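The chain contents come next:
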Amino acid sequence: MALEEYAGDMSMCCRCSACKFVPLQQVKGFKHANVCPSISRYNFHFYSGGGRLNLGYAGLKDGFKYVPRYLDTLYNCHLCGACDVSCKYGMDMEVLRPIQEMRIRAVEDGHPHPMLQRVVERMRVTGSMVSAGGQGRGAWAQGLGLVDATKTKVDVLYHVGCLTSFDPDRQKVAAATARVLERGGVAFGILGDGETCCGGRAYEMGHQADFLAQAGKSRELIEQSGAKTLVTSCAVCYQAYNVLYDRFGLKGDLEVLHVTQLIERLMAEGRLKPSRPQSLEVTYHDPCHLGRLGEPWIHWQGKKIPGDRFVFDPPKPYRRGTNGVYEPPRRVLAGLPGVRLTEMDRIKEYAWCGGSCGGVIDSNPAFAEWTAGERLAEAACTGAEAIVTASPWSEKLFAQVLAKRGGDLKVYDIVELVDQAI
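Participant: So what exactly am I meant to see when it comes to the side chain of Asp-84 here?
Facilitator: Here Asp-84 is to be found in helix α5 (residues 82-88). For Asp-84, a relative accessible area of 7% translates into the label buried. For Asp-84, the contacting residues outside a window of four places in its chain are Met-93, Glu-94, Val-95, Leu-96 and Arg-319.

Participant: Even after reading the chapter, I still don't get the packing of helix α4 (residues 68-75) against helix α6 (residues 96-108), so can you show me in this structure?
Facilitator: Each packed pair of helices is defined by two parameters, the angle between the axes and the distance between the axes. For the pair α4 and α6, the least separation of the axes is 10 Å and the interaxial angle reads 130 degrees. Compared by their axis directions, α4 and α6 come out oblique. The handedness of the crossing between α4 and α6 is left-handed. Seen from α4, the contacting residues are Tyr-70, Leu-74 and Tyr-75; seen from α6, they are Met-102, Arg-103, Ala-106 and Val-107. For the contact of α4 with α6, the residue count by class is six nonpolar, no polar and one charged.

Participant: Got a minute to help me understand the packing of aromatic side chains in this structure?
Facilitator: Two numbers describe a pair of aromatic rings. These are the distance of the centres and the angle of the planes. Within the structure shown, the criterion is met by 16 aromatic pairs. Arranged with centres 5.2 Å apart and planes meeting at 65 degrees, the rings of Tyr-42 and Phe-367 form a pair that is edge-to-face. Within this pair, whereas Tyr-42 is found in helix α2 (residues 37-42), its partner Phe-367 is found in helix α16 (residues 365-380), the two being separated by 325 residues in sequence. In this structure Tyr-42 comes out as partly exposed when scored by relative accessible area, which is 27%. Owing to a relative accessible area of 1%, Phe-367 belongs among the buried residues under this scheme.

Participant: Explain the pattern of salt bridges to me, please; I cannot follow it from the model alone.
Facilitator: When charged atoms on two side chains of opposite charge get close, those side chains can pair. On inspection of all chains with the given rule, the structure shows 26 salt bridges. Here Glu-101 ties to Arg-247 by a salt bridge, and the two come within 3.8 Å at their closest N and O atoms. Taken as a pair, Glu-101 in helix α6 and Arg-247 in helix α12 (residues 235-247) lie far apart in primary sequence, 146 residues in all. By the burial criterion, Glu-101 is buried, and Arg-247 matches it. Several salt bridges share partner residues, and in doing so they unite Asp-84, Lys-88, Glu-94, Arg-97 and Lys-316 into one network.

Participant: Looking at this structure, I do not really get the nonpolar core. What am I missing?
Facilitator: Trp-140, Phe-188, Ile-263 and Leu-333 are the most contacted members of the largest nonpolar core, which totals 129 residues. Counting residues per element, this core draws most heavily on α12, which supplies eight residues. When near neighbours in sequence (up to four residues on either side) are disregarded, Trp-140 contacts Leu-146, Tyr-158, Val-160, Ser-165, Gln-171, Ala-174, Ala-175, Ala-178 and Ile-190.

Participant: Can you help me understand the side chain of Thr-389 in this one?
Facilitator: Tracing the backbone shows Thr-389 in strand β10 (residues 386-389). Ignoring anything within four residues of it in the chain, the contact list for Thr-389 reads Tyr-284, His-285, Pro-287, Ser-394, Glu-395, Tyr-412, Asp-413 and Ile-414.

Participant: Is there a simple way to think about the sheet that holds strand β11 (residues 410-413) in this case?
Facilitator: Through backbone hydrogen bonds, the strands of a sheet pair up, either in parallel or in antiparallel fashion. Taken in spatial order, the four strands of this open sheet run β9-β6-β10-β11, and their pairing is parallel. Each edge of the sheet is formed by a strand with only one pairing partner; in this case those strands are β9 (339-341) and β11. Across the sheet, the axes of successive neighbouring strands diverge by a mean angle of 35 degrees, strand direction being ignored. As defined by bridge partners, β10 adjoins β11 across four bridges and the pair is classed as parallel.

Participant: What exactly am I supposed to notice about the pairing of β10 here?
Facilitator: As a general feature of sheets, a regular strand has side chains that alternate between the two faces. Residue alternation in β10 divides its side chains into two sets, Ala-386 and Val-388 and Ile-387 and Thr-389, and both sets are buried. The pairing of strand β6 (residues 280-284) with β10 spans three bridges and is classified as parallel. When the sheet's bridge partners are listed, Thr-283 is paired in β10 with Ile-387. Taking the sense of rotation as the criterion, the β-α-β connection linking β10, helix α17 (residues 392-405) and β11 turns out right-handed.

Participant: Would you mind going over the sheet that holds strand β2 (residues 156-159) with me for this structure?
Facilitator: If you walk across this open sheet you meet the five strands as β1-β3-β2-β4-β5, and the pairing is parallel. The sheet is open, and its two borders are formed by β1 (147-148) and β5 (255-258), each paired with just one other strand. Across two bridges, the pairing between β2 and strand β3 (residues 188-190) is parallel. Note that in β3 the partner of Leu-157 across the bridge is Gly-189. Contacts from α12 reach β2, β4 (229-232) and β5 within the one sheet, and its direction differs from that of β5 by about 160 degrees.

Participant: Just to check I follow, could you spell out unusual backbone geometry for this structure?
Facilitator: Phi is mostly negative for residues that are not glycine, and the peptide bonds are mostly trans. In this structure, the amide linkage connecting Asp-313 to the following residue, Pro-314, adopts the cis form with an omega of -5 degrees. If you trace the backbone, Pro-314 turns up in the loop between β8 (312-313) and α14 (327-334). In this structure, Arg-15 takes a positive phi of about 60 degrees despite not being glycine. With respect to the helices and strands, Arg-15 occurs in the loop between α1 (7-12) and α2. Exposure remark for Arg-15: the relative accessible area of 57% places this residue in the exposed category. The residue Leu-79 is not glycine, and still its phi comes out positive at about 50 degrees.

Participant: Got a minute to help me understand α12 in this structure?
Facilitator: Residues spaced three or four apart along an α-helix point in a common direction, a consequence of the helix completing one turn every 3.6 residues. When the terminal C-alpha atoms of α12 are compared, their 17 Å separation across 13 residues agrees well with the 18 Å that a helix rising 1.5 Å per residue should span. Of all bends in α12, the biggest is about 30 degrees, found at Tyr-241. With twelve of its 13 residues buried, α12 lies for the most part within the structure. Considered for burial, the residues of α12 that qualify are Ala-235, Val-236, Cys-237, Tyr-238, Gln-239, Ala-240, Tyr-241, Asn-242, Val-243, Leu-244, Tyr-245 and Arg-247. Trailing α12 by a residue or two, Gly-249 shows a phi angle of about 70 degrees, which is positive.

Thresholds, definitions, all that
Per chain, the residues get numbers from 1 upward, laid out in the order the sequence is written. Note on the predicted model: pLDDT of at least 70 is required for a residue's local features to be given, and 80 or more for side-chain atom pairs to be given and counted; whole-chain, interface and lining totals, by contrast, use all residues. Side-chain numbers here rest on the full set of heavy atoms in the structure, without hydrogens or water. Under the scheme used here, helices are H or I runs from DSSP no shorter than 4 residues and strands are E runs no shorter than 2 residues, and both carry numbers assigned from the N terminus. Exposure categories follow from relative accessible area, calculated using a 1.4 Å probe and restricted to protein chains: below 20% of the type maximum is buried, above 50% is exposed, and the middle band is partly exposed. Should any heavy atoms of two residues lie within 4.5 Å, those residues are counted as being in contact. With axes taken as lines fitted to C-alpha atoms, and helix axes fitted only over the stretch in contact, angles between N-to-C directions fall between 0 and 180 degrees. Here roughly perpendicular refers to angles of 65 to 115 degrees, roughly parallel to angles under 35, roughly antiparallel to angles over 145, and oblique to all remaining angles. Helix crossings fall into two classes, left-handed where the near helix is turned counterclockwise from the far one by less than a right angle and right-handed where it is turned clockwise. Throughout this entry, Asp, Glu, Lys and Arg are counted as charged residues, while Ala, Val, Leu, Ile, Met, Phe, Trp, Tyr, Cys and Pro are counted as nonpolar. The remaining residues, Gly among them, count as polar. For Phe, Tyr and Trp, rings pair up if their centres lie within 6.5 Å, where Trp contributes its six-membered ring, and each pair is then called stacked (planes under 30 degrees apart), edge-to-face (over 60) or tilted (otherwise). Every case where a carboxyl oxygen of Asp or Glu lies within 4 Å of a side-chain nitrogen of Lys or Arg is listed as a salt bridge. Residues belong to a common nonpolar core when they are buried Ala, Val, Leu, Ile, Met, Phe, Trp, Tyr or Cys residues joined through side-chain atoms within 4.5 Å. Strand pairing is assigned whenever DSSP detects at least two bridges linking the two strands. Convention used here: a crossover is right-handed provided that the path from the first strand, over the helix, to the second strand proceeds clockwise when the strands point away from the viewer. Multiplying 1.5 Å by the helix residue count minus one yields the expected span of that helix. Here the bend at a residue is taken as the angle between two axes, fitted respectively to the seven residues that end there and the seven that start there.

That's the geometry; what it means functionally is another story.
Shown next as structure tokens:
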């Protein structure tokens, strides 16, 4: 949908600032009452969800003027969806979607962020949004004897993702995932060097045309593999395949599972029986793409009824973040002997962003690290020994910040703990 479709939503913003905070009924205390990293960091209204809606509405009326300050507010946003969820606690209006469309409009008008443009150009050429570092995409799987889905038809395809495939410190997650799936008796294959980017991050960066082109390539490879189910250990890839592909009519009948959903299923069926105690107290970070952004897409067609009230025919359903993947990771952790979960103040749809969303990790690393640092400080308040997540991007950024700042907190991908327990 074009930005014009959200003019009504943007005009509805009454500057109540609900988009800046966790809903009052969900606040655990003053220290962790904020929900939007951008306004919390830059402390100026235009850096909030409501501020950006005001800018977008003004742009539709008077024309967009791509001055440096406007572009700064546009790209210093994680697009994590926290503002959207908080607003919808009491309102029926879209916040995140028009902000996303503002980025798309800026790119189409010739004002992409230079660093994000470079990342997207890499994807166009190499099929990856991260540097390959001179190795093949399937190098992590050498010697594991996994089924090559480019040569053999499979029912289940494990999509590894760009970061997990190429980052030496994240490749352990791919190997652990493969071991866990094999131990659970899952017959699966990988595309190895033939795998390509899902394109999801390009969409966040505002490059919708590049996303659609890349998504078409990825979908074709999946169809050629014969897979009926796609499993991924990357939260960004999960959101792309399960939500964005569905929104743009590319998903078809493909079942998309995050690995935590499949592990939960395998444990419930008795096919995976973690038995090795680990004696570890952890807190869990809900990745934005697996949580509120990972909520299934709702297909709706209708029209706004003329008049003062914001009424649609038929009634318009809203995605409020409540149907993201929240319980499977927690049930998996609960099933690991000796692992004890202590929750942070901001969890599930109200979780504080881990910092790697929206391309900010590429365009403004300092802001991304600040956001991650805030989450790590919240994790430390629980007294946990480790922070566990289900996103390689979050794990990478958390580890990076801890390496710079120091601290005793350990960082794990949830699959690593499952692998150790079996």
